[in-house]
Protein chains: 2
Amino acid sequence: MQLDPKTWFTEVCQEGGLAFSLAIKEKLHEETTPYQHIEIYQTEAFGRLMVIDGFIMLSERDNFFYHEMMAHSALFTHPHPRRVLIIGGGDCGTLREVLKHDRVKEVRQVEIDERVTRLAEKYFPELCESNDDPRAHFHFGDGLRFVAEAPANSVDVIIIDSTDPIGPAEGLFQAPFYSDCRRLLGDKGVLVHQSESPLIHLDLLNKMRAEMKKGGFPQVRTLTYPQCVYPSGWWSATLAGDSLSSFREQEAAAKTFSTRYYNVDIHRASLAVPEFLR
Amino acid sequence: MQLDPKTWFTEVCQEGGLAFSLAIKEKLHEETTPYQHIEIYQTEAFGRLMVIDGFIMLSERDNFFYHEMMAHSALFTHPHPRRVLIIGGGDCGTLREVLKHDRVKEVRQVEIDERVTRLAEKYFPELCESNDDPRAHFHFGDGLRFVAEAPANSVDVIIIDSTDPIGPAEGLFQAPFYSDCRRLLGDKGVLVHQSESPLIHLDLLNKMRAEMKKGGFPQVRTLTYPQCVYPSGWWSATLAGDSLSSFREQEAAAKTFSTRYYNVDIHRASLAVPEFLR
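Conventions adopted
- Residues numbered from 1 in each chain as written.
- Chains lettered and ligands numbered in written order.
- Predicted model: local features only at pLDDT ≥ 70, side-chain atom pairs only at ≥ 80, totals over all residues.
- Heavy atoms only, no water.
- UniProt positions renumbered as here; feature names shortened; annotations may be inferred.
- Helix = DSSP H or I, 4+ residues; strand = E, 2+ residues; numbered from the N terminus.
- Buried < 20%, exposed > 50% of the residue type's maximum accessible area, 1.4 Å probe, protein only.
- Contact = heavy atoms within 4.5 Å.
- Buried area = accessible area lost by both parts, 1.4 Å probe.
- Salt bridge = Lys/Arg side-chain N within 4 Å of Asp/Glu carboxyl O.
- Polar contact = N/O pair within 3.5 Å; in protein donor to acceptor, adjacent residues only side chain to side chain.
- Pairing = 2+ DSSP bridges.
- Axes fitted to C-alpha atoms, helices over the stretch in contact; angles between N-to-C directions.

K.L.:
Is there a simple way to think about the UniProt feature "binding site: spermidine" (unreviewed entry) in chain A in this case?
P.N.:
All names here are of chain A. With numbering matched to this structure, UniProt assigns "binding site: spermidine" (unreviewed entry) to His67, Asp91, Asp161, Ser162, Thr163 and Asp164. Locating Asp161 in the fold gives a position in strand E9 (residues 157–161). Taking relative accessible area as the criterion, Asp161 reaches 8% and is therefore assigned buried. Relative to the helices and strands, Thr163 resides in the loop between E9 and helix H5 (175–185). The partly exposed category is assigned to Thr163, whose relative accessible area is 28%. Contact partners of Thr163, with chain neighbours within four places excluded, come to Met57, Ala169, Phe173 and Gln194.

K.L.:
Hey, could you run me through the interface of chain A and chain B in this one?
P.N.:
It is common to give the size of an interface as the accessible area that goes away when the parts come together. In this assembly, 44 residues from chain A lie in contact with 44 residues from chain B. Interface area, chain A with chain B, both sides summed: about 3600 Å², of which 64% is carbon and sulfur. Between the two partners, chain A and chain B, sit 2 salt bridges. As a salt-bridge pair, Asp265 of chain B and Arg278 of chain A come within 3.2 Å of each other at their nearest N and O atoms. Taken together, the connections running from chain A to chain B amount to 18 residue pairs in polar contact (both at pLDDT 80 or more). Secondary-structure elements contributing two or more residues to the side of chain A that touches chain B are strand E1 (8–13), strand E2 (18–32), helix H1 (63–75) and helix H8 (264–270) of chain A. Ranked by residue count, the leading element in the side of chain A that touches chain B is E2 of chain A, at 6 residues. Here E2 of chain A runs beside strand E2 (residues 18–32) of chain B; their pairing, made up of 5 bridges, is antiparallel. Counted as the bridge partner of Ser21 of chain A is Ala19 of chain B from E2 of chain B.

K.L.:
How do you make sense of the pattern of salt bridges when you look at a structure like this?
P.N.:
It is possible for side chains bearing opposite charge to pair when their charged atoms get close. For the structure shown, the criterion picks out 44 salt bridges over all chains. Measuring nitrogen to oxygen at the nearest pair gives 3.1 Å for the salt bridge that ties Lys27 of chain B to Glu30 of chain B. With relative accessibility at 38%, the residue Lys27 of chain B sits in the partly exposed group. Several salt bridges share partner residues, and in doing so they unite Glu249, Asp265 and Arg268 of chain A together with Glu275 and Arg278 of chain B into one network.

K.L.:
I would appreciate a short explanation of the UniProt feature "domain: PABS" (unreviewed entry) in chain A in the present structure.
P.N.:
Taking the numbering used here, the UniProt-annotated feature "domain: PABS" (unreviewed entry) corresponds to residues 6–242 of chain A. Between the end C-alpha atoms of residues 6–242 of chain A there is a gap of 50 Å, over a span that is 25% helix and 34% strand.

K.L.:
Got a minute to help me understand the sheet that holds strand E6 (residues 83–88) of chain B in this structure?
P.N.:
In a beta sheet, neighbouring strands are held together by backbone hydrogen bonds and run either parallel or antiparallel to one another. All names here are of chain B. Read across the open sheet, the 7 strands follow the order E8-E7-E6-E9-E10-E12-E11; overall the sheet is mixed. Each edge of the open sheet is held by one strand with a lone partner, namely strand E8 (136–140) and strand E11 (219–226). Neighbouring strand axes in the sheet, compared pairwise and without regard to direction, differ in orientation by 15 degrees on average. Here 8 bridges tie E11 to strand E12 (residues 234–241), and the two strands are oriented antiparallel to one another. Paired with Val220 across the bridge in E12 is Ala240. Contacts from helix H5 (residues 175–185) reach E6, strand E9 (157–161) and strand E10 (190–194) within the one sheet, and its direction differs from that of E9 by about 150 degrees. Taken strand by strand, helix H6 (residues 202–214) contacts E10, E11 and E12, and its axis lies near 145 degrees from that of E11.

Listed below in structure tokens is the structure:
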């Protein structure tokens, strides 16, 4: 069976020996920014789709898994998250989830490519519905530099919502960057970073956990969740901190905002470690 | 990007508007049986692959998720599983997992197409390594008829390891069949049936749960797990019984056999219900 490239978008995952395709109705937009090539499609069954450099970033239909797990797992792990820093996250889906927390007083988002955010505002308006929240501050620039220059103990939670560790995001997966994050967070902070597929990218995941420890985080915990449009359909995020044992379970159970995947049971479940990862 | 069908096998999931492809080295075998068309491939990164009527049945690399979750979730939920019936399961991967349980004294497997088992023996020998176990009994025939004719209270656990509810397996997803299963199991038994993707096939999953209840099972619980080669990469199985609350947790924690995905934490985690499924 061969798919017609006029009606299918296909992403090949070379290292996994697999490919994933979505049926498309039309290409809505395409541009090359100083940083990357961005495409927006209307799909048949997954709503709108954003693709960067040939890799699927998100679909309208299933982005809630990723955004909810990145935001709520970290925020409910910190005892009192007031100041949040998002590195990357230009589509604003993570930001929207973070702003659902009343405890949060300030969110800084450092996205290198302003065009990602501008296109998200146009094509994924539901993800950007909280962008006018006065607690949200947008910085368009290099996350590595921002973190290197920011003062110590200035942030409670850092969410690294980055692309894969190839190209511009590579430095975000390395100990010097994590060490800067540790300085910003102090000893009470919590960091979370998307950490690829446990099935396809296990070496990378293990390396990343080691880099986090080298960067000064004594505890790291990986959580997993479904993510249909990413290679293997199974994705992970890794939490790092001095102590990750303070899940505010009662508050999570009593949350007054809505989610589509995340809840207390899912939070706990996501931390279960499959036998082959032990 | 268009994939060369000489070096890629592609399965289209029309109802999901998506497709999944695996890079292949060669086609090892192909035949048409009285029931279906079977292909065996050597893939680049997923070991050997079995395809039936164009749909991926299993890969050497990731079948452990499915087989372990089908077998161990049901067996550790029954208080004392001695007699197990597998409907379908011709590749023998579920059977191998079931036979790891010392409590099990007898397993009957009713697969409609003997060629599936013969090909599994040849191309997936690791799945068939327990086929000579004296507790294993193979019946090649119609599962619907077998269950209709079998005596009441003759089985402790029924595992329905079937293809999708289209074509020959359709009757396996309906109340009359579940009602026959309930008769075989009596009021202590546990049934488990693969129940498709919670993301792509939610209507089907809900219908199946309703059919199980109509068939006489007061309790149904759906568990989820990753399954890279099935549509969306996220799959489910649904347990049914009169009481599903007896997870033998201590025994599962002390199990002496090895698994690659399943463990006590994963068992509990698999039962967490995502917000959108509530």
